[in-house]
Amino acid sequence: MSKDLGPTALPPVAPSVTAELVAALSPRLRKRLDAGIAKLADRPIVRDDDIVRIAVDDATDIELHAPGGTVTRPDDIRCGCLLAPDCLHRAAAASAAPIAEPAPEPPTESRAESRAEAATESATAARSEEPDTGAGPDAGSGAEPGAGPGAAPDAGPGAGARADADQQPERAAPEQCAAARALYTAATAVLEAGTDGSGAVLQAELLRAAHTARLAGLPRAAATAVSVVTAVRAARSSDPAHRLADLVGTLRDALSAAHRIPHAAGPELTELRGTVRQPYRPDGSLRLYGLFTEPVLTATGFAGAVTWTADAEGRLYQVSDVAPGGAGRAVGAADRAVRVGDTALTHRELSRAGLAVSGATVSPAGRLGAGAGVRAVRASGADWRAAPLDRLWTPTAAEQVSRALDGGSDLLFLEVTLVGTVREAAGDCLLADCDGVTLRLAAAHDHPALPHRDNLRLLAAARGSRLRIVARLTPAPHPRALLLATEHPAVPGTRVDAGLDRLLHADLPAPASPAPAPAVPTPEESPVHLLRRRVQQAASGGRLVLSFPGSTAADVRRLNSHGLATAGDLLDELHAAAAERSRDVFGRLLPADPDRFARAWLAAARYTDEVDRALCAAAWSA
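Report follows, based on the coordinates. Quantities reported herein were computed from a predicted structural model and do not represent experimental measurements.

1. Focus on the nonpolar core
A general tendency of soluble globular proteins is for nonpolar side chains to be buried together.
Next up, step 1: In terms of nonpolar packing, the biggest core is built from 63 residues, with Leu206, Leu255, Ile261, Phe597, Trp601 and Tyr607 touching the most fellow members.
Next up, step 2: Discounting residues that sit within four places of it in the chain, Leu206 has contacts with Leu183, Ala186, Ala187, Val190, Ala225, Val228 and Val229.

Written as structure tokens, this is what we have:
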């Protein structure tokens, strides 16, 4: 059955496919690739089972064959023009499509489970300091936090010299070092050009480097590089979901991993290398209580729902249903049956009920497996204000934020009083008082099919309501989080999933008397923003935007006066690396040193990230 689709309905394409098709183009066609992609964006798309057709013109179609929902081979993209298969159209179609997530065959779970795991991890990549790509344990989700980079035990002075050869810490293999250097070079080229200059050719080079890194056994670095391409595409297409801070974070992580891998050893190397997929482990019998359901809608073409549950000890577990799709699937997945055992509970029902599981298998990230040996039946749920779920709201907000910043779960269980709204460039935020701290609650997703932002506007009318909420921490110099679920402001004991349940004006309590407009606090901004702004400008506009003549002396003096001398030094070096160009013996300008600029930018980006984390912890502890 054929079906007309919108221009964003292309199936995900494996990174290696896009890289291979772009590499096969002649230099002349590479110059025309971005224009070819823009042309395809306006062409009609029709899906016929696993085949998606793009009408290039009245006589030419491009076919994308996606068995299982993903294009995995270059031959799966076919064109009917006279120049095929060496035409521009195939590479343009691959470059215009979302990037497919890797879906390896797991040893104990189904391929569908593996695909859902990979897509769900991709959807949560921008929620934490580093993308969640299965590189290490995720504390707070049923697993203990693992050691971070450089956490090797201290063996004492001279221990390395005394160690035998078989006791030396593991080092990266030569092919891994080569793959890391290629990834560093490709990411540096993207930074040099910025999002404005990082067209399809530079994106394909980074995808090729990511594919090489994955083949060399560096899945974490590969996944981070793919996230950079996704963020660059979102920026270039003016995607409303694009955030410059997310682009800076993914580019920082890609450059950092590629830079450190050739020099890392032992636990640091293990952390940087990561794993293709977190294995599921047996966890016996579980008694779970539903907390809430959140929709998932990723920039890579995956959608669905994740239902969060907790056991009697407060450990968090997730049941996910994520697959290729768009906003319609994100909305409808909540009414699909959960894939655990033989239970007929939907995600929406599970978020209010409970689950008794035997033979459970759980990933280190806390995701429940759906293997053949898992049995599950419906059980009674619990109110947020009753045992055992009420224990989640016992730790203070500052304690929960500290846990999240240290690598634990980024979910915050808070009791707040709604006080109004504040307008920001990205939209209105809901203001709430949280034990004396003024918290800004933002929408978790801006897609119009999801009611996040509409619910925020309506909740602002319930000023004065005291509610328990679940939110996701957004590291910032002021208390800030994304609202995921809340108690109903007018119906005690009822929960509202902010991304699924649409509040109405009739649901809100009638105000007893008109309340005065709240005084909106203005967070005091640390002067570290002077350095952060340059970091973001470089990621967006490339090295050129920082190379223009100008003095940084005033900014450096201000940073020094606030005790941020390191930030001043980094600012000076960043501008110097961007502007300095040597000359050859004939006086001609030589190209700028991209490696020096990348190292200066990476140092500044990591510094501002650490300062922002410290400011975030201090803001919640005020």
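2. With respect to a nonpolar patch on the surface
Next up, step 1: Taken together, the side chains of Leu544, Val545 and Phe548 make up a nonpolar region of the molecular surface, amounting to roughly 300 Å² of accessible area.
Next up, step 2: Among the structural elements, Val545 can be located in the loop between helix 16 (529–541) and helix 17 (553–561).
Next up, step 3: Its relative accessible area of 36% is what places Val545 among the partly exposed residues.

3. Concerning unusual backbone geometry
Next up, step 1: Of note, the amide linkage connecting Ala84 to Pro85 takes the cis form, showing an omega dihedral of 5 degrees.
Next up, step 2: Structurally, the position occupied by Pro85 is in the loop between strand 5 (77–79) and helix 4 (88–96).
Next up, step 3: For the bond from Ala387 to Pro388, the omega torsion is 0 degrees, close enough to zero to count as cis.
Next up, step 4: Take Pro388: it is sitting in the loop between strand 10 (375–379) and helix 14 (397–405).

4. Here's the deal with the state of the cysteines
Next up, step 1: Here the structure, examined in full by the defined rule, presents zero disulfides.
Next up, step 2: The structure places no disulfide on Cys87, whose sulfur is separated from the nearest cysteine sulfur, that of Cys81, by 3.7 Å.
Next up, step 3: Since its relative accessible area comes to 3%, Cys87 is described here as buried.

5. A look at the environment of Arg463
Next up, step 1: With respect to the secondary-structure elements, Arg463 resides in the loop between helix 15 (452–459) and strand 14 (466–473).
Next up, step 2: Separated by 43 residues in the primary sequence, Arg463 and Gly420 have C-alpha atoms spaced 5.9 Å apart.
Next up, step 3: Polar side-chain contacts of Arg463 include one of 3.5 Å to the backbone oxygen of Val419.

6. Considering the pattern of salt bridges
Next up, step 1: One pass over the full model with this rule turns up 34 salt bridges.
Next up, step 2: When the shortest N-O distance is used, the salt bridge between Arg273 and Glu170 registers 3.1 Å. Here Glu170 lies in the loop between helix 6 (159–162) and helix 7 (174–197) and Arg273 lies in helix 11 (residues 266–273), a separation of 103 residues in the sequence.
Next up, step 3: Notably, a salt bridge pairs Asp253 with Arg252, separated by 3.3 Å at the nearest N-O pair.
Next up, step 4: Overall, Asp253 belongs to the buried group, its relative accessible area being 9%.
Next up, step 5: Taken together, the shared-partner salt bridges connect Arg385, Glu415, Asp435, Arg466, Arg468 and Glu487 into one network.

7. Some details on the side chain of Arg472
Next up, step 1: Structurally, Arg472 is set in strand 14.
Next up, step 2: Here the side chain of Arg472 touches Glu294 through a polar contact of 3.0 Å, side chain to side chain.
Next up, step 3: Side chain to side chain, Arg472 and Asp410 meet in a polar contact 3.4 Å long.

Procedures and definitions
- Position labels on residues start from 1 in each chain and follow its written sequence.
- Restriction of local features to residues with pLDDT of at least 70 applies here, the model being predicted, together with a cutoff of 80 or more for giving and counting side-chain atom pairs; totals for whole chains, interfaces and linings are based on all residues.
- Computation of side-chain values: all heavy atoms of the structure, hydrogens and water removed.
- What is meant by a nonpolar core is a set of buried Ala, Val, Leu, Ile, Met, Phe, Trp, Tyr and Cys residues, joined one to another through side-chain atoms within 4.5 Å.
- For the exposure calls, accessible area comes from a 1.4 Å probe over protein chains only, and a residue counts as buried if that area is under 20% of its type's maximum, exposed if over 50%, partly exposed in between.
- Contacts are residue-level and defined by heavy atoms, with any inter-residue pair within 4.5 Å sufficient.
- Only residues whose relative accessible area exceeds 30% and that form no salt bridge are eligible for patches; like-charged ones are grouped when within 9 Å, while nonpolar side chains (Val, Leu, Ile, Met, Phe, Trp, Tyr) are grouped when within 5 Å.
- The Shrake-Rupley method, run with a 1.4 Å probe, gives the accessible areas here. Residue values count only the displayed protein chains as cover.
- A carboxyl oxygen of Asp or Glu within 4 Å of a side-chain nitrogen of Lys or Arg is what we treat as a salt bridge.
- In this text, helices come from DSSP runs of H or I with a minimum length of four residues, and strands from runs of E with a minimum of two, each type numbered from the N-terminal end.
- Note on terminology: pairs of cysteine sulfur atoms within 2.5 Å are recorded as disulfides.
- Within 3.5 Å is the distance limit for a polar contact, defined as a pair of N or O atoms, with the added protein rule that one can donate a hydrogen and the other accept it, and that residues adjacent in sequence qualify only through two side-chain atoms.

Any functional reading would require information that these geometric values do not contain.
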